[in-house]
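Okay, here's what each chain looks like letter by letter:
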Amino acid sequence: MMDYTPLWMKISSMGISKRKLSEMTGLSSASVSYLGRKAVRSGTIDRICRALGCGVEDVVRWVPDGTVVKPVDTRP
């Protein structure tokens, strides 16, 4: 399964809210909220990486199914 914890940690450390990320990428707030809950197109990941100036590994990681992923506080 794909885990977006790296993204939430990155934007938190940069002081960027999910709303600001939406504005920076041109993605709807719904698309940003889908991350981690629904399938995300690679173009969405590309837009996030371009806006943040980072690589895919800074946004998403693969973890085996059934892995418990600890929630991250995303408030800046």
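Scroll up for the structure.
Being a predicted model, the structure only gives us computed values, none of them experimental. (Residues numbered from 1 in each chain as written. Predicted model: local features only at pLDDT ≥ 70, side-chain atom pairs only at ≥ 80, totals over all residues. Heavy atoms only, no water.)

K.L.:
Give a description of the packing of aromatic side chains that names residues and reports values.
P.N.:
Taken as a whole, this structure holds zero aromatic pairs when the rule is applied. Here lysine 18 stacks its cationic end above the ring of tryptophan 8, 4.5 Å away from the centre of that ring. (Phe/Tyr/Trp six-rings, centres within 6.5 Å; stacked < 30°, edge-to-face > 60°. Lys NZ or Arg CZ within 6 Å of the ring centre and 35° of its normal.)

K.L.:
Give a description of the state of the cysteines that names residues and reports values.
P.N.:
Evaluated as defined, the whole model comprises zero disulfides. Left unpaired, cysteine 49 is separated from the closest cysteine sulfur, that of cysteine 54, by 4.5 Å. Looking at cysteine 54, the relative accessible area reads 16%, which means it is buried. (Disulfide = S-S within 2.5 Å. Buried < 20%, exposed > 50% of the residue type's maximum accessible area, 1.4 Å probe, protein only.)

K.L.:
Let's hear about the pattern of salt bridges: which residues, and what values?
P.N.:
Enumeration according to the criterion identifies two salt bridges in this entry. The salt bridge partner of arginine 61 is aspartate 3, with a shortest N-O separation of 2.5 Å. Residue arginine 61 is found in strand β2 (residues 61-62), and its partner aspartate 3 is found in strand β1 (residues 2-3); the two are separated by 58 residues along the sequence. Measuring nitrogen to oxygen at the nearest pair gives 2.9 Å for the salt bridge that ties aspartate 46 to arginine 50. (Salt bridge = Lys/Arg side-chain N within 4 Å of Asp/Glu carboxyl O. Helix = DSSP H or I, 4+ residues; strand = E, 2+ residues; numbered from the N terminus.)

K.L.:
I'd love a proper account of the layout of surface pockets, names of residues and values included.
P.N.:
Within this model, the largest pocket holds a volume of roughly 230 Å³. Tyr4, Trp8, Leu35, Gly36 and Arg37 are, among the 14 residues lining the largest pocket, the residues nearest its centre. Among the elements of the structure, β1, α1 (5-13) and α3 (29-34) are those that each provide at least two residues to the lining of the largest pocket. Residues belonging to the lining of the largest pocket are distributed by class as follows: seven nonpolar, four polar and three charged. What lines the second largest pocket is simply Leu27, Ser31, Tyr34, Ala39, Val40, Arg41, Gly43, Thr44 and Arg47. (1 Å grid on protein atoms, 1.4 Å probe; cavity = no way out; pocket = protein on both sides within 12 Å on 5 of 7 lines; lining within 4 Å. Points joined across faces, edges and corners; volume = space filled by probe spheres on them. Nonpolar A, V, L, I, M, F, W, Y, C, P; charged D, E, K, R; others polar.)

K.L.:
Kindly report on α1, identifying the contributing residues and their values.
P.N.:
For α1, the complete set of buried residues consists of Thr5, Pro6, Leu7, Trp8 and Ile11. Each element contacted by the buried residues of α1 is listed here: β1, α2 (18-25), α3, α4 (42-52) and β2. Trailing α1 by a residue or two, glycine 15 shows a phi angle of about 75 degrees, which is positive. (Contact = heavy atoms within 4.5 Å.)

It is worth stressing that arrangement in space is one thing and function is another; only the former is reported here.
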